[in-house]
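Structure assessment
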Amino acid sequence: MSENTGDQRPPSFRPAAPGRRPDASGARPVGAGAQPAGAAAVGADAQRPAHPRRTARPDVPVRRTSVRGAAAPDSPPAYAPSRAAAPSYAPAPAAASPQRAEIRPDDPPRPTGPRRGRRRRSPLAVLLLLLLVVLVAWPVGLAVWADSRIQHVEALSSAADTPGTTYLLAGSDSRADGAVADATEGQRSDTIMIMHVPESGPTALVSLPRDTLVTIPGVGENKLNAAFSLGGPPLLVETVEGLTGLGVDHYVEIGMGGVSSVVDAVGGVELCLDYDVADELSGLTWTAGCAQADGVTALAFARMRYADPNGDIGRTERQRQVVSAVVKEVAEPTTALSPAAQVRLVEAGTGALLTDPGTGIVDLGRMALAFRAATGPDGLVGTPPIADLDHRAGSLGSTVLLADGAPDFFARLRDGELTAEDLQAG
């Protein structure tokens, strides 16, 4: 080994050059019981001077540490920027709620609340909504329109009300509408029916022969249809009330042209007659049996009298058959569910009807239902008891004389006590 001729250690390990030792009077004490140089212990209970690191400076906040050295919640970390150094545009952090759970990185995202924006309806929902509006609005609009088209005439009297609801149906034979072309002037009522809906009991439809001998107020004895020609609807109503003892609640009149147009509006009706007819006065030509009739044929069917072996009684029966056939066709789905057919029917019906001012489209609907009930299996149809079909009453010629039991018949009609045996067929 060669002789060491010099110090080969790095400079950082080399001893300092010998010289004067530094003054240790201001040196920091080292050790558990060390005291600053020159300081004397006051006593056994004297406090040790605070460690320089634990001595709080008045202008520097004390940083507290936990056992593990983590920063306390009320002290910002040493590396956090001071509040004064935050940029002026940075929003202040929201205060954390003490009840809010800690969100960990592996937690699923929290569901957000429902959007406040308008939801888009599905095409099917929109279609169903529109369909519902149409189904509700169409019948209401149709009823309002039909009601506005009805023509009214003063007809009702001041007679006392009677139990139940009574309709007076009159068919005018006025030629003013052009349905029949002949030289007959004025107007008469070839069709007169009383329909009564009692408070309890069956609905009854009673035809009053137009030649029935009655007492007309202010006129005296005459045929029933003369009341219409002499005083119009008001005198006819008053005369019928005097004959039956029933207070008329609704008056409905239809002209001959109305019969034809209504039948055509429902597409024709099926009528039946069990004998052949070739009547020049009414224009009816018929082969025994049932056939589909248009408006013109149905009108002739209802008017024909002289070729009928039962005369006026047979005509009242055929008139009821025409009305019943129309009501049946109105209830058919092809008419009831067809807007076009409904419009045609309203135009035809309201154009030919006259009612008292208190009778509107709702009352006409109830009347149609009552007519259907009367002509159904549980209803009653016929004429009052007749004593003589060819009663001669002075200058009046041939009249229809009702039986002595007619007043009791009408009382039973009023009270809903009639039976099929009480009605004379016709």
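To keep things clear, this report deals only with the structure shown in the data block. Once a new chain begins, its residue numbering starts again from 1 and follows that chain's sequence as written. Under the rules for a predicted model, residues below a pLDDT of 70 receive no local features and side-chain atom pairs below 80 are neither given nor counted, while totals for whole chains, interfaces and linings still include all residues. Side-chain descriptors were evaluated using all non-hydrogen atoms of the structure, hydrogens and water having been removed beforehand.

Quick notes on the sheet that holds strand β1 (residues 151-152)
Put simply, the rule reads: Only strands that DSSP links by at least two bridges are regarded as paired with each other. We count a stretch as a helix when DSSP gives it H or I for four or more residues in a row; a strand needs E for two or more, and each element gets its number in order from the N terminus. Residue contacts are defined here by distance: any two heavy atoms, one from each residue, within 4.5 Å place the two residues in contact. Interaxial angles span 0 to 180 degrees and are taken between N-to-C directions of axes, which are lines fitted to C-alpha atoms, for helices over the stretch in contact.
Read from one edge of the open sheet, seven strands run β1-β12-β7-β2-β3-β4-β13, paired in mixed fashion. Only two strands of the sheet have a single partner each, and these edge strands are β1 and β13 (380-382). The pairing of strand β2 (residues 165-172) with strand β7 (residues 250-255) spans six bridges and is parallel. Following the sheet pairing, L169 is matched in β7 by V252. Each of β2 and β7 is contacted by helix α3 (residues 256-265), which is oriented at about 80° to β7, the strand it contacts most. Docked against the sheet, helix α5 (residues 311-331) engages β3 (189-197), β4 (204-207) and β13, running at close to 65° with respect to β3.

Re the nonpolar core
Operational definition: Definition of nonpolar core: a set of buried residues of the types Ala, Val, Leu, Ile, Met, Phe, Trp, Tyr and Cys, connected through side-chain atoms within 4.5 Å. The buried label applies to any residue whose accessible area, calculated with a 1.4 Å probe on protein chains only, is under 20% of its type's maximum; exposed applies above 50%, and partly exposed to all values in between.
One finds L168, L208, L236, V240, Y251 and L413 to be the most contacted residues of the largest nonpolar core, which totals 32 residues. If you list the elements that add at least two residues to this core, you get β2, β3, β4, β5 (213-216), α2 (224-244), β15 (398-402) and α9 (406-415). Tallying contributions element by element places α2 first for this core, with eight residues. Setting aside residues no more than four positions away along its own chain, L208 makes contact with I192, I194, L224, V240, L243, P384 and F410. With 24 residues, the next largest nonpolar core counts A265, L273, V277 and F301 among its residues.

Overview of the state of the cysteines
Rules: Note on terminology: pairs of cysteine sulfur atoms within 2.5 Å are recorded as disulfides.
Applying the stated criterion across every chain, the model contains one disulfide. A sulfur-sulfur distance of 1.9 Å marks the disulfide that ties C272 to C290. Handedness of the C272-C290 disulfide follows from its S-S torsion of about 110°: it is right-handed. Of this pair, C272 sits in strand β8 (residues 269-273) while C290 sits in strand β11 (residues 289-293), placing them 18 residues apart in sequence.

Notes on the packing of helix α4 (residues 295-303) against α5
Defined as follows: Angle categories: roughly parallel below 35 degrees, roughly antiparallel above 145, roughly perpendicular from 65 to 115, and oblique for all the rest. Residue type decides the class: Asp, Glu, Lys and Arg count as charged, Ala, Val, Leu, Ile, Met, Phe, Trp, Tyr, Cys and Pro as nonpolar, and the leftover types, Gly among them, as polar.
In contact at an axis separation of 7 Å, α4 and α5 are set at 150° when each is read in the N-to-C sense. Judged by the inter-axis angle, α4 sits roughly antiparallel to α5. Between α4 and α5, the contacting residues are A298, F301, A302 and R303 on the first element and R315, R318, Q319, Q321 and V322 on the second. Tallied by class, residues from the contact of α4 with α5 come to four nonpolar, two polar and three charged.

Comments concerning the packing of α3 against α4
To keep it simple, the criterion reads: Less than a right angle of anticlockwise turn of the near helix away from the far helix marks a crossing as left-handed, whereas a clockwise turn marks it as right-handed.
α4 packs onto α3 with a crossing angle of 135° between their chain directions and a minimal axis gap of 7 Å. Overall, the two elements α3 and α4 adopt an arrangement that is oblique. As α3 packs across α4, the resulting crossing turns out to be right-handed. Of the residues in α4, those in contact with M256, V259, S260, V263 and D264 of α3 are G295, V296, A298, L299 and R303. Its residues assigned to classes, the contact of α3 with α4 shows six nonpolar, two polar and two charged.

Quick notes on the pairing of β4
Of the two faces of β4, the one holding A204 and V206 and the one holding L205 and S207 are both buried throughout. Bridge analysis of β3 against β4 gives four bridges, and the strand direction is antiparallel. In the strand pairing of β4, M193 is matched with S207. Once β3 ends, the chain turns through six residues before running back antiparallel as β4, passing G201 with a positive phi of about 115°. The pairing of β4 with β13 spans three bridges and is parallel. Bridge pairing in β13 places A204 opposite L380.

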